[in-house]
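Next come the chains, spelled out residue by residue.
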Number of protein chains: 4
Amino acid sequence: MGKKRIRDYGIAIGQMKPGTRNQITDVAGVKVGHVTLNEANLRTGVTAILPHPENLFQDKVVGASYVINGFGKTAGIVQINELGTIETPILLTNTLSTATAADALIDYMLKTNPDIGRTTGTVNPVVGECNDMFLNDIRAKGVQKAHVLQAIEAADVAFEEGSVGAGTGMVAFGLKGGIGSASRIIPYPYGTFTIGVLVLANFGRPDDLRLDGVAIGAKVKAFLEKKQALEATAQEKGSIMMIVATDLPVTHRQLLRLIKRTAAGLARTGSIYGNGSGDIAIGFSTANHIPHAQKDGLMTITCLSDQHLDPAFHAVAEATEEAIFNALTASDTMIGYEGRIIYSFRDWLESQT
Amino acid sequence: MGKKRIRDYGIAIGQMKPGTRNQITDVAGVKVGHVTLNEANLRTGVTAILPHPENLFQDKVVGASYVINGFGKTAGIVQINELGTIETPILLTNTLSTATAADALIDYMLKTNPDIGRTTGTVNPVVGECNDMFLNDIRAKGVQKAHVLQAIEAADVAFEEGSVGAGTGMVAFGLKGGIGSASRIIPYPYGTFTIGVLVLANFGRPDDLRLDGVAIGAKVKAFLEKKQALEATAQEKGSIMMIVATDLPVTHRQLLRLIKRTAAGLARTGSIYGNGSGDIAIGFSTANHIPHAQKDGLMTITCLSDQHLDPAFHAVAEATEEAIFNALTASDTMIGYEGRIIYSFRDWLESQT
Amino acid sequence: MGKKRIRDYGIAIGQMKPGTRNQITDVAGVKVGHVTLNEANLRTGVTAILPHPENLFQDKVVGASYVINGFGKTAGIVQINELGTIETPILLTNTLSTATAADALIDYMLKTNPDIGRTTGTVNPVVGECNDMFLNDIRAKGVQKAHVLQAIEAADVAFEEGSVGAGTGMVAFGLKGGIGSASRIIPYPYGTFTIGVLVLANFGRPDDLRLDGVAIGAKVKAFLEKKQALEATAQEKGSIMMIVATDLPVTHRQLLRLIKRTAAGLARTGSIYGNGSGDIAIGFSTANHIPHAQKDGLMTITCLSDQHLDPAFHAVAEATEEAIFNALTASDTMIGYEGRIIYSFRDWLESQT
Amino acid sequence: MGKKRIRDYGIAIGQMKPGTRNQITDVAGVKVGHVTLNEANLRTGVTAILPHPENLFQDKVVGASYVINGFGKTAGIVQINELGTIETPILLTNTLSTATAADALIDYMLKTNPDIGRTTGTVNPVVGECNDMFLNDIRAKGVQKAHVLQAIEAADVAFEEGSVGAGTGMVAFGLKGGIGSASRIIPYPYGTFTIGVLVLANFGRPDDLRLDGVAIGAKVKAFLEKKQALEATAQEKGSIMMIVATDLPVTHRQLLRLIKRTAAGLARTGSIYGNGSGDIAIGFSTANHIPHAQKDGLMTITCLSDQHLDPAFHAVAEATEEAIFNALTASDTMIGYEGRIIYSFRDWLESQT
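About the thresholds
- Residues numbered from 1 in each chain as written.
- Chains lettered and ligands numbered in written order.
- Predicted model: local features only at pLDDT ≥ 70, side-chain atom pairs only at ≥ 80, totals over all residues.
- Heavy atoms only, no water.
- Contact = heavy atoms within 4.5 Å.
- Buried area = accessible area lost by both parts, 1.4 Å probe.
- Salt bridge = Lys/Arg side-chain N within 4 Å of Asp/Glu carboxyl O.
- Helix = DSSP H or I, 4+ residues; strand = E, 2+ residues; numbered from the N terminus.
- Nonpolar A, V, L, I, M, F, W, Y, C, P; charged D, E, K, R; others polar.
- Axes fitted to C-alpha atoms, helices over the stretch in contact; angles between N-to-C directions.
- Parallel < 35°, antiparallel > 145°, perpendicular 65-115°, else oblique.
- Left-handed = near helix turned anticlockwise from the far one by under 90°.
- Pairing = 2+ DSSP bridges.
- Buried < 20%, exposed > 50% of the residue type's maximum accessible area, 1.4 Å probe, protein only.

Here we come to the interface of chain A and chain B. Taken together, the 45 residues of chain A in the interface contact 45 residues of chain B. Of the roughly 3600 Å² buried at the junction of chain A and chain B (both faces included), carbon and sulfur atoms supply 55%. Counting the contacts that link chain A with chain B gives six salt bridges. Measuring nitrogen to oxygen at the nearest pair gives 2.5 Å for the salt bridge that ties Lys141 of chain B to Asp103 of chain A. Broken down by secondary-structure element, the contributors of at least two residues to the side of chain A that touches chain B are strand 3 (59-70), helix 1 (77-83) and helix 2 (98-112) of chain A. Considering every element that reaches the side of chain A that touches chain B, the biggest residue donor is helix 2 of chain A, with eight residues. Residue composition of the side of chain A that touches chain B, by class: 17 nonpolar, 16 polar and 12 charged.

Let's shift gears to the packing of helix 2 of chain A against helix 2 (residues 98-112) of chain B. Interaxial distance between helix 2 of chain A and helix 2 of chain B falls to 8 Å at its minimum, and their mutual angle equals 160°. Put simply, helix 2 of chain A runs roughly antiparallel to helix 2 of chain B. In terms of crossing hand, the pair formed by helix 2 of chain A and helix 2 of chain B is left-handed. Contact with helix 2 of chain A, carried on its side by Ala99, Thr100, Ala102, Asp103 and Ile106 of chain A, involves Ala99, Thr100, Ala102, Asp103 and Ile106 of chain B of helix 2 of chain B and no other residues of that element. Looking at the contact of helix 2 of chain A with helix 2 of chain B residue by residue, the classes come out as six nonpolar, two polar and two charged.

Now for the sheet that holds strand 6 (residues 126-130) of chain C. Residue and element names in this part refer to chain C. Ordered in space as 1-2-5-6, the four strands form an open sheet in which the pairing is mixed. Strand pairing shows two members of the sheet lacking a second neighbour, strand 1 (31-39) and strand 6, which therefore form its edges. Averaged over all adjacent pairs, the angle separating strand axes in this sheet is 15°, with direction ignored. Pairing analysis gives nine bridges linking strand 1 to strand 2 (residues 42-50), with the strands arranged antiparallel. Within the sheet, the bridge partner assigned to His34 lies in strand 2 and is Thr47. Across the sheet, helix 2 (residues 98-112) is in contact with strand 5 (90-94) and strand 6; its angle to strand 6 comes to roughly 160°.

Residues and elements named next belong to chain D. In terms of burial, strand 13 (residues 239-246) is largely enclosed, as eight of its eight residues are buried. In strand 13, alternate side chains face the same way, and those of Ser239, Met241, Ile243 and Ala245 on one face and Ile240, Met242, Val244 and Thr246 on the other are all buried. Looking at chain direction, strand 13 and strand 14 (residues 278-291) are connected through eight bridges and run parallel. Residue pairing in the sheet places Ile240 in a bridge with Asp279 of strand 14.

Rendered as structure tokens:
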């Protein structure tokens, strides 16, 4: 892909081993697609995460969602935690396009499932969002329903990070944010499992940034001050969406415990879950599929003992932290709406040597 | 309006006194508007509840939401409980039109607030929903964005109940459901306050129905069986949205406690909060406005002692129960999608004498 | 046992069939034991519910707890919902004896499990409570640790209801409350399952009482007024503990959904979950045991489809409602602390014919 | 006091200014008292935190509690979040002594409030705990009720940190843990406010430890390995209790938001909120007192705008992180039950120069 990642700078977050790609798609079956709108006043887009390649409505995955700070407009969360399942692709976009994305996702689900609204009930679209109003003309509502379908269709195992898809116009720590991902391998005695995280990073003040724990915020702030590029941080309106995928067999309760550990990884980068930040985690496990039509009534599901969850907790925290740095590292300096400029983290990083 | 209400049949739910209209608009400032789509295969619509007549985004109300059973797609709930405020009108519609309604509400808020997405953050649209697929061609997604704006503009103190607005195609207990409302007056030593409830009733099996507590379900079921009209109840896909308004000065925590008592009123009608039912309460208090621009930093808010909440708890339960019966009583028998027929509760009621 | 139950008066709550005993012990393995302290100024005691006869710490049951209204001091709830298990007998007692009961339960667990605090971690005692201060000299803290052990040892399939154990001094709707129980049988295609409920009923105002849904509160209040016995109701300090047992195979999430339906049964009796009432449900399923020492790491658990939960929801609501009436019906008129008198519900019931 | 703190080693956590003592007692009115049991096989004790010097039952403080990970037995949490108040001193002790402490606290409250259980209701004792079984003979249940009263009576503005009170036998990151505290000053335009945190630190693996963000875990592990002192970490049974005090005027909802930020400070030290760790925050604000007898019915409370909360969020995170390091730094190497040894963090720190 040509884009840089944080490990390219010799910085490896945490103690555990990443998967082959060090991305969420290391979890078998998971695919990610982007549509990027980077033209005129638009710096926005859509990112779609597909938990598996089959019909998700008929063949749901175990799902959970967790609100760290609820200044956010994410759709679909209520039902995920009541029923413990996710039945659509997960979309990410800008805040004011959440409804457009949800509507397009409804259309997509209706088209691929003729029984919805006829012989079975309705469908629960899942859409996360962050506010990209600094670089993007968010009031223009540039995301069209067609873009959403394109993002779903574009989904693949290989996907780009940085200023792409929903991440196009995002800002984190006063630097260019966006999409980032990472993964961890967990060698259990009964098999090797993978945890993957994809973030849409759009949060944080420059002062607070920590690189692998080390406080670099003061330096970053000075760097931006010199460039007269602190305007974005005067408006702390950020958020972060964290999507966690795993093939670990877990129940909804266990999955919920697992995705709560995104809060640890997030805090390590310097976040204090600011008032204006919608910090939300959504997770799924591909290990136990829940069929929509449950004729038999009784199901058998496999799950881990809670006593064995610690390695998975570590994996979630590490992958979240690294995914945030991959979002920063993969993003180039961007000039956006009204000529505003947001510098790349790499500009700072490379200025340090 | 000419429509019947449950008190017209000599049945007064509970022990407390209703307000002048016995509707949610007895709470000063509250208005309700409908757009009804009853043509061809459509039996659906939009209902808008306006907490006060001023700019809600600039002048928010204390808000809370409570999920009794989360098989539902309501938008906006996460932020309501994090910040304790509601900043848009509350919309109700059919499940597959939730995104359309949210999108239209975003447009409305952008138009009336030029600062959104420019000098201030974004906006949190609140939309509740029920599934009307038995009488309505829900896959047609008949609700257009223009309808939403019309419902907001149509909002008034006087409003109709029954098969109107979002209630047009709803079914409850195998009978025609829809929009219902009721209110209660609470004489406290320090002033007289009002609690109003508006429901979108679309839940329940005929067997379970209780009229003022008395089990009438077996009779209703026999009545419907004789008319060969039990098909709707084979598909239990209902839900109920309960909107609670009050001028009682309460904090978010107290308001949350208050709206939880909708569960008691709901249970009295025969509901057990069925698996497939999205049973959700959203409430607001108009007593303490929370300005969007909070320059001063410190606010003074007035609130009730928790020890004085019991009368308000009773009021919520009673008004919820009566609102459900007003929804049933105001609705006429309807023939809908594919010629399906749902009988009016009045047909049964009047057959009993 | 000679005590009356509500069915002895020809009143059968709900539509479903009760189990053999119509008590919580219809769920195989469950046992209940009481110690009753009815002497001098004491009208209190302890009730123990044993989920199964084996070592609960080594062989835990799936557990869940749900707080309807949290004005209460129940111990153990936090861990139940984090780990989804219950590992001790469940105790009920008066509010100020909660700590004594928890301490005795810790001693019991230490004695029966020498590994606790040595080679394994600690233990989570579960104790529910209601305030019996009207009839009982609650400040005397009459419950001793020995009483707790006696209640556990007394546990049996056959157990008494009414003013026994923790129910000895309880008051409900201004009438004599206490321990009540009921059960329901659920015939699923894949087997017949049982749901049992045991309540400690100590809540409600006379005005609000509803018998099988019918408002009898005004009559009950008049009856008590005539007897000058409304003093207890001036102090609404009640609560209700609801223990739900089942052999239905469910996950923690499903069990939590199930026990939430106690709120429906409770509301049917007239409760609006008053401000001062600690209304709390604790449930367990005996179908999937969770071993303390989980060497294998991966477990297989059987669970119901959520789409099949509605009969179980009905069963919980019906059994809760009937258990409350069994508590009322089994209790005799009692004279307690400072000569205060609380009349039996039977006194009123028999005065009506 | 002579004990070392982390700032004595030139390490200042975060960007904000501490209060005079850099302890929780910088919040006016707050006092802390310890009873330390360090004799024979006992390495345990009790710590009492008094929110203000008056009668807490009559004059409650706004309170909130937050469960990060619920593998814990803390008492009193349910009611704190329902009513939004704390009405007793907050006690900390070892896990198996929680009930003893709660019982002693009930006695203390009964003695100081003759109306409890007579003319008013009961009382909600608040007790947090951690498991000190590695160094302490926890099964001996060494804490007596008299110790609890002594800790309350010993409460003062000046108090010790490290292996004192409830912290006596605690272990964190394989090193000696215990009691630590820190505070931060927040200069708002409308006044200067203080946030203080006290922790009972008993969590974490050596590998994970981070000092001001820098990963020192591998070095600490190697240090302990060399000393053959890794046995404690084989049993990850830790927990952390975090008590947050402030004089900032906040509602319950805002206080809850505030204390959630302890999770950020905790994560910065290396915690991933392990499966077996009861990670629980309890907070109170002394700014708005809530009288027990609320004759007037309507109250006026002052609160901050949510938009001004970020500095307070930072303060909580920073003070939590520093409090944990003060717990580590103030503790000496200890030999405990069965001759087990846990080294002081200072041993490692001083070995690094």
